[in-house]
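Here are the chains, one letter per residue:
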Amino acid sequence: LYCLGWYTVNSAYGDTIIMPCRLDVPQNLMFGKWKYEKPDGSPVFIAFRSSTKKSVQYDDVPEYKDRLSLSENYTLSISNARISDEKRFVCMLVTEDNVFEAPTIVKVFKQPSKPEIVSKALFLETEQLKKLGDCISEDSYPDGNITWYRNGKVLHPLEGAVVIIFKKEMDPVTQLYTMTSTLEYKTTKADIQMPFTCSVTYYGPSGQKTVYSDQAVFDIYYPTEQVTIQVLPPKNAIKEGDNITLKCLGNGNPPPEEFLFYLPGQPEGIRSSNTFTLTDVRRNATGDYKCSLLDKKSMIASTTITVHYLDLSLNPSGEVTRQIGDALPVSCTISASRNATVVWMKDNIRLRSSPSFSSLHYQDAGNYVCETALQEVEGLKKRESLTLIVEGKPQIKMTKKTDPSGLSKTIICHVEGFPKPAIQWTITGSGSVINQTEESPYINGRYYSKIIISPEENVTLTCTAENQLERTVNSLNVSAISIPEHDEADEISDENREKVNDQAKLIVGIVVGLLLAALVAGVVYWLYMKKSKTASKHVNKDLGNMEENKKLEENNHKTEA
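This one's a predicted model, so the numbers in the text were calculated from it and none came from an experiment.

A. Here's a closer look at the packing of aromatic side chains. Inspection of every chain in the model, using the stated rule, returns twelve aromatic pairs. Plain terms: the ring middles of Y64 and F89 are 6.2 Å apart, the flat faces sit at 80 degrees to each other, and that makes the pair edge-to-face. Taken together, the residues span a long stretch of sequence, with Y64 in the loop between strand 6 (56-58) and strand 7 (68-70) and F89 in strand 9 (residues 88-94) at a distance of 25 residues. Both residues of the pair, Y64 and F89, count as buried. Relative to Y368, the ring of F357 has its centre 5.7 Å away and its plane inclined at 70 degrees; by these criteria the two rings are edge-to-face. In this pair, F357 is assigned in the loop between strand 33 (349-350) and strand 34 (366-373) and Y368 in strand 34, connecting sequence segments eleven residues apart.

Structure follows, in structure tokens:
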């Protein structure tokens, strides 16, 4: 008997196991055989090949039926490798004189399935040891080992914080292993969003390998440690009439769903969800607002809210009627939660200052608006209006002017009053109404009516102005066109009156300057006269004697005559 040493063939589960005989075929070979040994050492022959007939015979072994193949060089192949194929196989070459044997050990490996974390906890609570999940890997041969990781770092058992329970089970039919590792973990807030994974390490035909599971992230529950309160809309923009929503938040997970809200001046809290709404707030809602947890009233948050307000009182307001020359005090009173801007408008034109009337004029009439606003609070504006009507009885002034050609005369009736007076022209004596007139626009309670006539004899024109207050009449004598007469100056318009006032101021300035110059000249002259007083006395005496001589000569001439 000649026997070679041990030889091992590694095969993956399901592959074909190839076992060469490893013996040199002798010249006088009779046949070759393969067998395997049972655990008790007894042989089981499975294949036979004759050297002369070149035929192959396979023994009736049920587990290897249709799985064996024996080549001419006596290499044995076993298809669809199983775990049960892990045996000691022997190749036998037999001659007339010797039996040669070459044993081969078969090892079969099965890669386990990718590990998976199952039975995962819905959430983990801080400071509590709780099952995180099970890591399972199936169909492994030989069995593997499972490792847990937190954020990529290996977790080792730690009393009261990390507990790992490992177990393995073998399927009696397939002889494959299922490994299960259970992790119990005491979590902290540091584990928020931290990934947990597991891996299985196993041996394959080419050595040790490791397969990793997918990451698992767990919801971490922790108690509320701080409460905050929010105000919507933003606190600096709350005004009377707004709705205020208070929102209370806790930083725990899950966040608290109910709170106690405390309103200004109310010691007892109002139980509500995380929001509490105040509608149509008034200025008396200004104050401190608070909220707390239901079970921890000491954990409280507060905020101060100011409800901005703006009041405007215009006196007088609405439609006001006064007589020309009356005094009218006007006041616009503002009350606000902070400094407010005030703007006065007249007929949509901004005024430089607030109006004040010591003596009303027609041009003071119009629509006045006092408007105020808080710039920092959007939409907080108030305005009131005053429609001022200035009334006056009709006032008349008549003027006349001869055309430079001397062929006509222009008669103008200037009328002032409100409501607008109606003007009528008549010729005294005949009483006829003159319709062919020209009127100016009615501005600031004034306008005029103008007619042009060429009278052949002296006439009297009458202008009548009438409104709801009174009827006023004025007359003017006009000479015939052939008789020259003095023209009367036209009424000066408001615009021209301003120009005349400016010119008058200029003239007054010139006159004052001339007076000052004259005063200086007078002082100089007085000083000069004082110095020459004595000399002037002598001169006066001489002049007196000369006058007496002239008088004597005049008397002598009269006597002769």
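Additional details are given in the paragraphs that follow.
B. Layout of the nonpolar core. Core analysis: the largest hydrophobic core is formed by 51 residues, its most contacted members being M19, W34, I46 and F89. Counting 21 residues, the second-largest nonpolar core is a separate cluster that includes V231, I244, L246 and I305.

C. Structural view of the state of the cysteines. Inspection of the entire model under this criterion finds five disulfides. Here C413 engages in a disulfide with C463; their sulfurs sit 1.9 Å apart. Here the S-S torsion is close to -80 degrees, and the disulfide linking C413 with C463 is therefore left-handed. Of this pair, C413 sits in strand 36 (residues 409-418) while C463 sits in strand 41 (residues 459-466), placing them 50 residues apart in sequence. Numbered by position along the chain, the disulfide-linked cysteines of the protein connect as 1-2, 3-4, 5-6, 7-8, 9-10.

D. A look at the pattern of salt bridges. Scanning the model with the defined rule gives 21 salt bridges in all. Between E37 and R88 there is a salt bridge whose closest N-O contact spans 2.3 Å. Linking E37 in strand 4 (residues 31-37) with R88 in strand 9, this pair joins segments that are 51 residues apart in sequence. Judged by its relative accessible area of 25%, E37 falls in the partly exposed class. For R88, a relative accessible area of 19% puts it in the buried group. Measuring nitrogen to oxygen at the nearest pair gives 2.7 Å for the salt bridge that ties E258 to R271. Here E258 is found in strand 24 (residues 258-262), whereas its partner R271 is found in strand 25 (residues 270-273), with 13 residues between them in sequence. Through salt bridges with shared partners, a single network forms among E240, R283 and D311.

E. Structural view of a negative patch on the surface. A contiguous patch of negative charge on the surface is contributed by E116, E138, D139 and D171. Within the secondary structure layout, E138 lies in strand 13 (residues 129-140). Residue class for E138 comes out partly exposed when judged on its relative accessible area of 39%.

Rules and cut-offs
- Residues numbered from 1 in each chain as written.
- Predicted model: local features only at pLDDT ≥ 70, side-chain atom pairs only at ≥ 80, totals over all residues.
- Heavy atoms only, no water.
- Phe/Tyr/Trp six-rings, centres within 6.5 Å; stacked < 30°, edge-to-face > 60°.
- Helix = DSSP H or I, 4+ residues; strand = E, 2+ residues; numbered from the N terminus.
- Buried < 20%, exposed > 50% of the residue type's maximum accessible area, 1.4 Å probe, protein only.
- Core = buried A, V, L, I, M, F, W, Y, C linked by side-chain atoms within 4.5 Å.
- Disulfide = S-S within 2.5 Å.
- Salt bridge = Lys/Arg side-chain N within 4 Å of Asp/Glu carboxyl O.
- Patch = residues over 30% accessible without salt bridge, like charges linked within 9 Å, V, L, I, M, F, W, Y side chains within 5 Å.
- Areas by Shrake-Rupley, 256 points an atom, 1.4 Å probe, with all protein chains shown as cover.
- Lys, Arg positive; Asp, Glu negative; His and termini not counted.
- Charge placed at Lys NZ, Arg CZ, Asp CG, Glu CD.

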